[in-house]
Every structure is written in C-alpha cells, then in structure tokens.
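# Survey of secondary and tertiary structure
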Amino acid sequence: MGLSGTIPPYIGNLSSLALLSIKNNSFYGSLPDEVAHLRSLKTVDFGINFLTGEIPPWFWSLPELENLVLKGNHFLGTVPSSLSNTTTLKNIDLSYNQLSGSISSNLFNVSSLQIIDLSFNRLSGRLSVDMVLPELQELYLSGNQLYGQISRSLFKCRQLEVLFLCSNNFTGAIPMELGNLTMLKELHLSHNNLEGTIPWEIGHLTIVKNLSISNNHLAGHIPSSIGNCTSLKEINFSVNNLTGALPPEIGNLSGLEVLRVNDNVLRGFIPSSVFNISTLQVVLLEMNFREQFLVPSQMHRSSLS
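Numbers given for residues are sequential positions, taken from 1 along each chain in its written order. In view of the model being predicted, local features appear only for residues whose pLDDT reaches at least 70, and side-chain atom pairs are presented and counted only at 80 or more, with totals across whole chains, interfaces and linings using the full set of residues. Just so you know, side-chain values use all the structure's heavy atoms and leave hydrogens and water out.

## Remarks on the overall build of the chain
Helix and strand assignments follow DSSP, with helices taken as H or I runs no shorter than four residues and strands as E runs no shorter than two, numbered in order from the N terminus. The number of helices and strands found in the chain is zero helices and 24 strands. A principal-axis box enclosing the C-alpha atoms of the chain has dimensions of 75 × 40 × 30 Å. Note on exposure labels: buried denotes an accessible area under 20% of the residue type's maximum, exposed denotes more than 50%, and partly exposed covers the range between, all computed with a 1.4 Å probe on protein chains only. The buried share of the chain, taken over its 305 residues, is 49%. Here, residues are in contact when the closest pair of their heavy atoms is within 4.5 Å. A fraction of 45% describes how many contacts in the chain between residues 6 or more apart in sequence connect residues 24 or more apart. Surface accessibility of the chain: about 13,900 Å² in total, with carbon and sulfur atoms responsible for 50%. In this charge count, Lys and Arg are treated as positive and Asp and Glu as negative; neither His nor the chain ends contribute. For this purpose, a charge sits on NZ of Lys, CZ of Arg, CG of Asp or CD of Glu. Treating the 17 positive side-chain charges of the chain as one cloud and the 22 negative ones as another, the clouds have centres 4 Å apart. Each accessible area is a Shrake-Rupley result for a 1.4 Å probe, and residues are judged covered by the shown protein chains and nothing else.

Printed below as a string of structure tokens:
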C-alpha cells in the first residue's frame, strides 16, 4: 500500500484480531508492546519494512500464534531464547535481518514447528544441538556464519522436505544419516568447507529434485547410487575435488535438466547414457582432469549440441 510511519499503539485495542499483515510497506521504528494484547493473533506478517530494535519476547506469550514473519527488516539482537514457551508456532521467518549470536537450542525444541527460516543474518556458532522437531518440513539457515559439523540429529527430522545450509562455514563430512530424509526434495549444502566423500546413502533420496553441494572440498567418486534419485531436475557438484568417471547410472535420471560437475578432477568417457536424457538443458564438464572428457566414438558431434 506504500504506507510509512510507525505502528501506532492503538492497534492493541483490536482484541479479536486474528491476522495482522502490514508487509511490503515502509514502516519503521520498534514494535509497540501493545501488540501483546492481541491474544487471538494466529498470523503476524511484518515482512519487508524498516522495523528496528530487538524482537520482543512477548511474541511467544501469544497463545494462538502459528505464523510469525519478520523477514526483510533491520531487527538486531539474538534469536529469542524465550520462544520455547510457545506450543502453537508452525512457521517462523526471521530471514534478511541483522540478528547475531548463536541460535538458541530452545528453537529446536518447539515441536510444532514446520518451517524455520533464519537465512541471511549474522548468526554464528555451532549447529550441534539435539533437534526435537518431528513436524519440521523446511529449514533455511543459508548466508550466516555457522560452523562446525552438521548436526546428525538434523537427520532425525523425517518429515524434512527442504534443507538450505549454503554459504556458511560448516566442516567435516556429509553425515551418512542424510539417507534418513526420504521426504527430501531440495538439498543445498554449497559454499561451505565440507570434506570427505559423497555418501552412498544419497541414493535413498528418491524424490529429491535439486541436489547442490558445490564449492566444498569433497573428494572421491560420485556414487553410482545417484541413479536411484530418479526425480532429480538439477545436480550441482561443481568446484570440489571429485575423482573418477561419471557413473553411467546418471542415465537413469530421465527428467534431469541441469548437470554441473565442472571444476573437479573427473576423467574418462562421458557415459553414452547421458545422451539419452532428452530433458537436459545445461551440461557443464569443463575444468576437470587435464585430459578432457572423451566422447564415446559412436556418438555424433551433433549429439553434443
């Protein structure tokens, strides 16, 4: 609506209000404490404004609150530890703010949560807490300063469909428990400092559509189990230290649109099965072993167009 100014305290008089959305405006200043009087609120969306200050702890005392969206503001401070008091919250989006410090372990004990988005803040520390999130479907933590190994307890979240951990400082190996996430559709671990190999268990992700683990320090072969991930649309394994040849099982991915394995140490023949994937739009193989990939002799040059 192109509105600006501060949020008036009189909004606290709307005692029956269940949904409050002022997103995509130019409101500024801190949030009035009178919002805490709105005990019937289920959805709060203050996203994409110029709001400042710390996130008030009284949000977690709202007995009906299910959706809290504060993304795209200038909130400071930490992720409030008092949020463990809520038992109704399903969706929390604090992305694109200026939050700092570690992520309170209390957040991962809110068993009702289905979506957590804390991406593109200044959060730091280890993600090694024990997660008790049986309903969690989407987790976004990209664009922070998190470090250490990826918590193995994350892979107990069996309902997880989307996982974004890009652009942090995670180290260590990709846990083999990744294979427990059989509901996963999006996996993004790019731009970290992960080492080790791509776990064979990745083949258990049979409905995953986007698999991105580029810009790490992964080594070893691409496992042939990748051929079990028959729903894949995009693979991005670029800028690692992967060796060996492309597994012919990639040809099983009949809906694949993007294959990026550039900037590795791969070598050998391009499997002829790759040329049977009619949906392919982008194939990046450059900057691999000093001997270029060899195209099977029976393939015509026109097959590469």
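## Some thoughts on unusual backbone geometry
Phi is positive for Tyr96, close to 55°, though the residue is something other than glycine. Within the secondary structure, Tyr96 sits in the loop between β8 (91-93) and β9 (100-101). Judged by its relative accessible area of 48%, Tyr96 falls in the partly exposed class. With a phi angle near 55°, Ser167 is a residue other than glycine that sits in the positive phi range. Inspection of the secondary structure assignment puts Ser167 in the loop between β14 (162-164) and β15 (169-173).

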